[in-house]
Amino acid sequence: MIELVHEELSVLGSEGGWVFWCLLGLAFGIAYSLLSIWNLLRLPRAPILKSSQWKCLLLQGSRSPEILELLSQRIGEKKLEGQVNQIEEEMFSTAERRIPFAFVLITTAPLVGLLGTVSGMFTTFDGMSAPSSTGPASVISQGVSEALITTQAGLVISVPAYFIHNALKVRYERLRHGFQQIGTALQDKF
């Protein structure tokens, strides 16, 4: 299995040119970015309560009165607004920065694929204009292959990543909205 993957990458890398390797590096960057957002949305840095309690509270809101009561006891009345803001910062600030960054990486993939298309077309036109020892058809087919491989790779990377990114963003907004409701409920209580 590993040999087949290695062989396929070697073929795609040789036919796709340097742009294919850039796309492969970009794919790893996108994957890392999306995985880090997913991990952050599991609320590993959640203060005061356990992350499972926070998720229950944020997603169910007023249907979790015992957890809300526990949170209000642990926060106390002193400096409520400052503590709520600090908790919100700890829980959501990193994800808030990484979501747009991941989007930039995802939208870059088709553009890099387009760069590969242009590079392949240069190779094709060079093959058409210059006499070659292997014949112009092989140089032309090499250029067309590079153009198609990089275009396809850019789209294959970006389209699924966009859907995953959108699902993570919806989850983030849902958690954030739940936190805002909890902040309002705590202010009303005190």
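Residues numbered from 1 in each chain as written. Predicted model: local features only at pLDDT ≥ 70, side-chain atom pairs only at ≥ 80, totals over all residues. Heavy atoms only, no water.

Let us look at the side chain of Thr124. Within the secondary structure, Thr124 sits in helix H4 (residues 80-129). On the basis of relative accessible area, Thr124 is assigned to the buried category, the value being 6%. (Helix = DSSP H or I, 4+ residues; strand = E, 2+ residues; numbered from the N terminus. Buried < 20%, exposed > 50% of the residue type's maximum accessible area, 1.4 Å probe, protein only.)

Axis angle and axis distance: for two packed helices, these are the angle between their axes and the distance between the axes, and together they describe the pair. Look at helix H2 (residues 51-60) against helix H3 (residues 65-75): their axes get within 9 Å of each other, and the N-to-C directions meet at 115°. The element H2 and its partner H3 pack so that their crossing is left-handed. Mapping the contact onto sequence places Gln53, Trp54, Cys56 and Leu57 in H2 and Ile67, Leu68, Leu70 and Leu71 in H3. Tallied by class, the residues present in the contact of H2 with H3 amount to 7 nonpolar, 1 polar and no charged. (Axes fitted to C-alpha atoms, helices over the stretch in contact; angles between N-to-C directions. Left-handed = near helix turned anticlockwise from the far one by under 90°. Contact = heavy atoms within 4.5 Å. Nonpolar A, V, L, I, M, F, W, Y, C, P; charged D, E, K, R; others polar.)

This part is about the nonpolar core. By size, the foremost hydrophobic cluster in this structure holds 39 residues, and its most contacted members are Ile30, Trp54, Leu58, Leu71, Met91, Phe92 and Phe179. Mapped onto this core, the elements with two or more residues apiece are helix H1 (2-40), H2, H3, H4 and helix H5 (136-189). For this core, the leading source of residues is H4, giving 11 residues. Not counting residues within four places of it along the chain, the set of residues in contact with Met91 comprises Leu43, Ala46, Pro47, Trp54, Leu58 and Phe179. (Core = buried A, V, L, I, M, F, W, Y, C linked by side-chain atoms within 4.5 Å.)

Inspection of the secondary structure puts Trp38 in helix H1. Given the relative accessible area of 47%, Trp38 is considered partly exposed.

With a phi angle near 60°, Leu43 is a residue other than glycine that sits in the positive phi range. Within the fold, Leu43 resides in the loop between H1 and H2. For Leu43, a relative accessible area of 2% gives the class buried. The backbone of Ile48 shows a phi angle near 70°, a positive value even though the residue is not glycine. Among the residues examined, Ile48 registers a relative accessible area of 34% and is labelled partly exposed.

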